[in-house]
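Examining the three-dimensional arrangement
Spelled out from the first residue to the last, the chains are:
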Amino acid sequence: MSAVYDHLVTTLTRKFDVPADLVRPDATYDELGLDSLAVMELFLTLQEEWAVPLDDSEAVGTLTVRETADLVEKLKAEAEA
């Protein structure tokens, strides 16, 4: 996986106390036990750490870990271009 994905997993396990064995690419935030406020906080954290403009409307519980990592990677690439 990518550095963004690995960092996302670390953030989920350390900051949001998600058990590491539950975090997998296709896991949704609902499945990981994050409520809407926690998902919003995760997005804010990622925005600050990666300096990317994540859209708050995309911070939903049905989003997967992989989709989030892909989104951050896409925004990073756009910012660097």
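Since we're looking at a predicted model, the values are computed, not measured. Along every chain, residues carry numbers that run from 1 in the direction the sequence is written. This being a predicted model, a pLDDT of at least 70 is required before a residue's local features are given, and a value of 80 or more before pairs of side-chain atoms are given or counted; all residues contribute to the totals for chains, interfaces and linings. The side-chain quantities take in all heavy atoms of the structure and omit both hydrogens and water.

**Quick word on the side chain of Thr-68**
The secondary structure listing takes helices from DSSP runs of H or I that are at least 4 residues long and strands from runs of E that are at least 2 residues long, numbered from the N terminus. Following the sequence through the fold, Thr-68 ends up in helix α3 (residues 65-80). Any pair of N or O atoms that falls within 3.5 Å is considered a polar contact. Within protein, one atom must be able to donate a hydrogen and the other to accept it, and sequence-neighbouring residues count only if both atoms are side-chain atoms. At 3.0 Å, the side chain of Thr-68 and the backbone oxygen of Thr-64 are in polar contact. Excluding its chain neighbours within four sequence positions, the residues that come into contact with Thr-68 are Leu-8, Tyr-29, Phe-43, Leu-46 and Leu-63. Contacts are assigned to residue pairs with any non-hydrogen atoms lying within 4.5 Å of each other.

**Side note on the packing of helix α2 (residues 36-50) against α3**
Any two packed helices are characterised by how steeply their axes cross, that is the angle between the axes, and by the distance between the axes. Viewed as axis vectors pointing N to C, α2 and α3 meet at an angle of 35°, and their least axial separation amounts to 12 Å. In terms of crossing hand, the pair formed by α2 and α3 is right-handed. On the side of α2, the interface is formed by Phe-43, Leu-46 and Trp-50, while α3 contributes Thr-68, Val-72 and Lys-76. Only Asp, Glu, Lys and Arg are considered charged in this grouping, and only Ala, Val, Leu, Ile, Met, Phe, Trp, Tyr, Cys and Pro are considered nonpolar; every other residue, Gly among them, is considered polar. Looking at the contact of α2 with α3 residue by residue, the class counts come to 4 nonpolar, 1 polar and 1 charged. Angles here are taken between N-to-C directions and fall from 0 to 180 degrees, while the axes themselves are lines fitted to C-alpha atoms, restricted in helices to the stretch in contact. Rotating anticlockwise by less than a right angle from the far helix to the near helix defines a left-handed crossing, while the corresponding clockwise rotation defines a right-handed one.

**Re the environment of Ala-51**
Tracing the backbone shows Ala-51 in the loop between α2 and α3. Buried means the residue's accessible area, taken with a 1.4 Å probe over protein chains only, is under 20% of the maximum for its type, while exposed means over 50%, and partly exposed covers the values in between. For Ala-51, a relative accessible area of 63% translates into the label exposed. A sequence separation of 21 residues divides Ala-51 from Val-72, and the C-alpha atoms of the two residues are 9.3 Å apart.

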